[in-house]
Amino acid sequence: MDTSIPRAARELPPDGLTLVGARWSSTSLKHSQKRHKRKFPNLSKIHSVVEVSRVTFEHLGEIDRGSLVFFWTRISQLVTGPRNRGNGLSRGAVTGRQWQQLRTEGLWQQFRNELVAIFDKTLDEMEKFEPRHLAQTTLALAKIAREVDGPWRGRSQEPTEKILHSILIGGNLQRKEKWFQAIAVHAIPLLPTFDARCLCNIVYANAIAGTVPRLADGSTLFDHVAQNSIPLLKTFKPQGLANMVWAYEKIGARNPGLFDEVAKEIVLLDHLQSFKPQDLSNILLAYSKSGVQSSELYHKVANHIVSLSDLGEFMPQTLSNTLWAFSKAGESEPLLFQNVADHIVGLKDLNLFTPQNLSNTVWAFAKAGESDPRLFKKVADHIIGLNHLSSFIPQDLSNILWAFAKAGESDPRLFKNVADHIIGLNNLDSFEPQGLSNTVWAFAKAGESDPSFFKKVADHIIGLKDLTTFEPQNLTNTVWAFAKAGESHPNLFRRVSDHILSLQNLHSFDEKHASQILWAYASADSVDLVL
């Protein structure tokens, strides 16, 4: 394995710098290194990315490792702060006067050169970093990377984003992979000296950065962290345990051994009073999504929640995610669902519940077979009372209707509202095949017929180029729903049969699919003799 450390200066030679030995340098950098050692400024009092970089660069010759690490922490604080979110990183990261100066005097290149030099210095010093330095630097870089490469990137293409992105991320993410690989190379030999917090932070950082550093023997940083974490699990704080399993599930680094030991550690605790609702929710989500079974863990958490005098500390997202995790894992806890239902029904309103929170909640109740008419009516009343459903994505709508139909809690007003909303859409391109088929299934299952709605869906499917994205279950649910609802659309049935007949084999269709499809065609008087 190549254990050499990538240098920002080697890979990205800044304009205006000259090559000195193996490093890119400049007259200003040499000058700063010759200055007498001075007290390093307090970066926490500086509120500009550009100014923090300038001040750090001026002291780069005498900077200590702790200050170097805090530089990256401060940059991450500035680029992820609330006042910068949604406004683009540039204008929130510099003062108004600096913004104008940088734009008019062309000093962006200077900022870029300074940042490159600081990156280079960080990599030079990394082999001397203590565990806490490595963990903290990794976490800071990960937060910066997530922000400059986040979903909002592209809406604001100002120089600050471009510079941070080009240095830390690079095209096709190659720079990001190399940075985190370099850190892992230094960290892995030191892992036996890492404490619980450092172990947690380094995998959490890689998870939010989306990186899995891999060694020549095929093992990963996550493998080595798990091996070193298991003996220390008793020293992990609740949030540390939550972040640890969350990171492994998030990045897809499946490690049943670690998950089994974490579950045992939690189950053996006398109580869970030190666990915040968010900790419990994240832990259960990680287990349910990863597929690692631990009924004892779920039962322990359920008993803890049931024992609480009230659920006021559980935010809607935490509450809905917790229920979702239980249902996803197939863990039945009737008392838990009853307690949550009582809590939600007792709320003044559901205004704090997002569409996804509502969707996950009713889906969880229906999936677990824990129907509560009061809860479903509360949710239906809330949705019906909204001015519009534009904040609901197709999956939210589909899951909500599926849940009501599955639980046998049909509400004609709710189905009518959703039908009107869908009919009013310009097209149904935002609906995935599963969401579309589950929606029509829900209408038919609940006995809620709406000809205009079914026509809208039929016209959409007929107009598709092909049906290759429809799974057998999607096709089955769709034709079954149309037949069950008495909505005859010969062109739709013909389109589905043509698609099925075009398949080279029907191995993906089981007996249940076949029988339901044939029933649908017979019931709709659309029997295809060839089919």
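Everything that follows concerns the structure shown earlier in this document.
So, here is what we can say about the structure in this document. (Residues numbered from 1 in each chain as written. Predicted model: local features only at pLDDT ≥ 70, side-chain atom pairs only at ≥ 80, totals over all residues. Heavy atoms only, no water.)

**Details of the overall build of the chain**
Broken down by element type, the chain carries 27 helices and two strands. Per-residue burial for the chain yields a buried fraction of 55% across its 531 residues. For the chain, the proportion of contacts with a sequence separation of at least 24, taken over those separated by at least 6, is 74%. Surface exposure of the chain reaches about 25,100 Å², of which carbon and sulfur atoms provide 49%. (Helix = DSSP H or I, 4+ residues; strand = E, 2+ residues; numbered from the N terminus. Buried < 20%, exposed > 50% of the residue type's maximum accessible area, 1.4 Å probe, protein only. Contact = heavy atoms within 4.5 Å. Areas by Shrake-Rupley, 256 points an atom, 1.4 Å probe, with all protein chains shown as cover.)

**Section: the pattern of salt bridges**
In this structure the tally under the stated criterion is 14 salt bridges. The shortest N-O distance in the salt bridge between K264 and E261 comes to 3.6 Å. Linking K264 with E261, this pair stays in helix α14 (residues 256-267), spanning three residues, or about one helical turn. On the basis of relative accessible area, E261 is assigned to the partly exposed category, the value being 29%. Salt-bridge contacts for R413 lead to D381; the nearest nitrogen and oxygen are separated by 2.7 Å. Taken together, the residues span a long stretch of sequence, with R413 in helix α22 (residues 412-423) and D381 in helix α20 (residues 373-384) at a distance of 32 residues. Relative accessible area serves as the criterion here: at 29%, D381 is assigned to the partly exposed category. Sharing partners across several salt bridges, the network here consists of K377, D381, D411 and R413. (Salt bridge = Lys/Arg side-chain N within 4 Å of Asp/Glu carboxyl O.)

**Details of the environment of P192**
Note on placement: P192 falls in the loop between α10 (174-187) and α11 (196-209). Look at P192 and you get exposed, because its relative accessible area is 60%. Once the C-alpha coordinates of P192 and H224 are considered, the two residues, 32 residues apart in sequence, prove to be 9.5 Å apart.

**Observations concerning the side chain of H304**
Residue placement: H304 occurs in helix α16 (residues 295-307). Those residues in contact with H304 that sit more than four places away from it in its chain are L272, Q273 and L280.

**A look at the nonpolar core**
Residues W72, L115, V225, M244, Y248, Y287 and F404 are the most contacted members of the largest nonpolar core, which totals 165 residues. The leading source of residues in this core is α11, at ten residues. Ignoring any residue separated from it by four or fewer positions in sequence, one finds M244 in contact with L199, C200, V203, V225, S229, F236 and L258. (Core = buried A, V, L, I, M, F, W, Y, C linked by side-chain atoms within 4.5 Å.)

**Remarks on α20**
Along an α-helix, a turn takes 3.6 residues, which lines up residues three or four apart on a common side. Given a rise of 1.5 Å per residue, twelve residues ought to cover 16 Å, and the 16 Å separating the end C-alpha atoms of α20 matches this to within 8%. Those residues of α20 lying buried are L375, F376, K378, V379, A380, H382 and I383. (Expected span 1.5 Å × (residues − 1).)

**A few points about the environment of S452**
Relative to the assigned elements, S452 resides in helix α24 (residues 451-463). A relative accessible area of 46% means that S452 is categorised as partly exposed. For the pair S452 and A419, spaced 33 residues apart in sequence, the C-alpha to C-alpha distance is 8.3 Å.

**Some words on α10**
For α10, spanning 14 residues, the distance from its first C-alpha to its last is 20 Å, which sits close to the expected 20 Å at 1.5 Å a residue. Where burial is concerned, most of α10 is hidden: eleven out of the 14 residues are buried. Looking only at α10, the buried set comprises R175, K176, W179, F180, Q181, A182, I183, A184, V185, H186 and A187.

**Notes on the packing of aromatic side chains**
A complete count under the given rule lists 18 aromatic pairs for this structure. Aromatic side chains Y204 and W246 sit 5.3 Å apart centroid to centroid with 45° between the ring planes, which places their arrangement in the tilted category. A residue pair is termed long-range when its members are at least 10 positions apart, and Y204 in helix α11 and W246 in helix α13 (residues 238-251) qualify at 42 residues. Residue class for Y204 comes out partly exposed when judged on its relative accessible area of 21%. Take W246: its relative accessible area is 24%, and that puts it in the partly exposed class. Centre to centre, the rings of F376 and F404 are 4.9 Å apart; their planes meet at 90°, and the pair counts as edge-to-face. (Phe/Tyr/Trp six-rings, centres within 6.5 Å; stacked < 30°, edge-to-face > 60°.)

**Some words on the side chain of T73**
Here T73 shows up in helix α4 (residues 65-80). Its relative accessible area of 13% is what places T73 among the buried residues. A distance of 2.9 Å separates a polar atom in the side chain of T73 from a polar atom in the side chain of Q136. (Polar contact = N/O pair within 3.5 Å; in protein donor to acceptor, adjacent residues only side chain to side chain.)

**Let's talk about a positive patch on the surface**
Taken together, the side chains of K328, K367, K406, K445, K484 and K512 define a basic patch exposed on the protein surface. Judged by relative accessible area, which is 48%, K445 ranks as partly exposed. (Patch = residues over 30% accessible without salt bridge, like charges linked within 9 Å, V, L, I, M, F, W, Y side chains within 5 Å. Lys, Arg positive; Asp, Glu negative; His and termini not counted. Charge placed at Lys NZ, Arg CZ, Asp CG, Glu CD.)

**Comments concerning the packing of helix α17 (residues 316-329) against helix α18 (residues 334-345)**
Put simply, α17 and α18 touch, their axes get as near as 12 Å, and they point 155° apart. If you check the angle between α17 and α18, you find them roughly antiparallel. Two packed elements cross with a definite hand, and for α17 against α18 that hand is left-handed. Within the contact between the two elements, α17 uses L319, L323, F326 and S327 and α18 uses L336, F337, V340, H343 and I344. Of the residues in the contact of α17 with α18, the class split is seven nonpolar, two polar and no charged. (Axes fitted to C-alpha atoms, helices over the stretch in contact; angles between N-to-C directions. Parallel < 35°, antiparallel > 145°, perpendicular 65-115°, else oblique. Left-handed = near helix turned anticlockwise from the far one by under 90°. Nonpolar A, V, L, I, M, F, W, Y, C, P; charged D, E, K, R; others polar.)

**Notes on the environment of P394**
Position of P394 relative to the elements: it lies in helix α21 (residues 394-406). Along the chain, P394 and L428 lie 34 residues apart, while their C-alpha atoms are 9.0 Å from each other. When sequence neighbours within four positions are dropped, the list of residues in contact with P394 reads S430 and F431.

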